[in-house]
Amino acid sequence: NWNDLILSSGINAEYGGLHGALKFNGGGHINHSIFWENLSPNGGGLPTGPLLAAIEAEFGSFDQFKAKMSAATIAVQGSGWGWLGVNPESKRLQIATCANQDPLHATTGLAPLLGIDVWEHAYYLQYKNVRPEYVNSIWNVVNWEDVAARYAKALS
């Protein structure tokens, strides 16, 4: 938990200027660590098992989920992230977005399952400034095994 980490580090109002830097840089590390594991050159296709069942139950179908997640991610203003997360209390899937490098769990309480980086550095060389093409293409490399493992861990 990000807030517990901040408190245990001894950062308080006196050192409040560090909170933003820790959130930005620490969040960047957390987010990218998840992002790289969420991708695979052998990815794409559909998730299976309990993850697919949860997606279908929450969003109606995989295609409806993909459309909602893509739309939310494309709509991020400036730099940030689109996320599929699971609420640890209700066990329900949710789509969320976070600005900048803000980590999903610390920002929303959701356990991160799938993150899409929409900082321009993630896609500019290949897609220029056409974020929708990048987001639509990323589905071809999603490592659903990793996402499913994160889902199973979040439920346990």
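See the structure above.
Values in this document were obtained by computation on a predicted structure and should not be read as measured data.

Q: What is the right way to look at helix H4 (residues 62-74) in this model?
A: Because the α-helix completes a turn every 3.6 residues, residues three or four places apart line up on one side. With 13 residues, H4 extends 18 Å from end C-alpha to end C-alpha; this agrees with the ideal 18 Å at 1.5 Å per step. Within H4, burial applies to Phe62, Phe65, Met69, Ser70 and Thr73. Angularly, the buried residues of H4 cover 125° about the axis, an arc narrow enough to put them on a single face. For H4, the elements touching its buried residues are helix H3 (49-59), strand S1 (80-86), strand S2 (93-99), strand S3 (111-117), helix H7 (131-138) and helix H8 (144-155).

Q: Got a minute to help me understand the pattern of salt bridges in this structure?
A: If charged atoms from side chains of opposite charge come close, those side chains can pair. This structure, assessed with the given rule, holds three salt bridges. Salt bridges sharing common partners tie together Glu37, Asp146 and Arg150.

Q: Any chance you could explain the packing of H4 against H7 here in plain terms?
A: When two helices pack together, their arrangement is given by the angle between the helix axes and by the axis-to-axis distance. Packing of H4 against H7 brings their axes to within 10 Å, and their N-to-C directions diverge by 145°. In terms of crossing hand, the pair formed by H4 and H7 is right-handed. Along the contact surface, H4 presents Ser70, Thr73 and Ile74, while H7 presents Arg131, Pro132, Val135 and Asn136. Per-class residue counts for the contact of H4 with H7 are three nonpolar, three polar and one charged.

Q: What is the right way to read the packing of aromatic side chains from this model?
A: Remark: the centre distance and the inter-plane angle together describe each pair of aromatic rings, the angle taken between the planes. In the structure shown here, the tally under the stated rule is nine aromatic pairs. Relative to Trp81, the ring of Phe35 lies with its centre 5.6 Å away and its plane at 85°, an arrangement referred to as edge-to-face. One end of the pair, Phe35, is in helix H2 (residues 17-37); the other, Trp81, is in strand S1, and 46 residues separate them in sequence. By relative accessible area, which is 0% here, Trp81 ends up buried.

What counts and what doesn't
- Residues numbered from 1 in each chain as written.
- Predicted model: local features only at pLDDT ≥ 70, side-chain atom pairs only at ≥ 80, totals over all residues.
- Heavy atoms only, no water.
- Helix = DSSP H or I, 4+ residues; strand = E, 2+ residues; numbered from the N terminus.
- Expected span 1.5 Å × (residues − 1).
- Buried < 20%, exposed > 50% of the residue type's maximum accessible area, 1.4 Å probe, protein only.
- Arc of directions from axis to C-beta.
- Contact = heavy atoms within 4.5 Å.
- Salt bridge = Lys/Arg side-chain N within 4 Å of Asp/Glu carboxyl O.
- Axes fitted to C-alpha atoms, helices over the stretch in contact; angles between N-to-C directions.
- Left-handed = near helix turned anticlockwise from the far one by under 90°.
- Nonpolar A, V, L, I, M, F, W, Y, C, P; charged D, E, K, R; others polar.
- Phe/Tyr/Trp six-rings, centres within 6.5 Å; stacked < 30°, edge-to-face > 60°.

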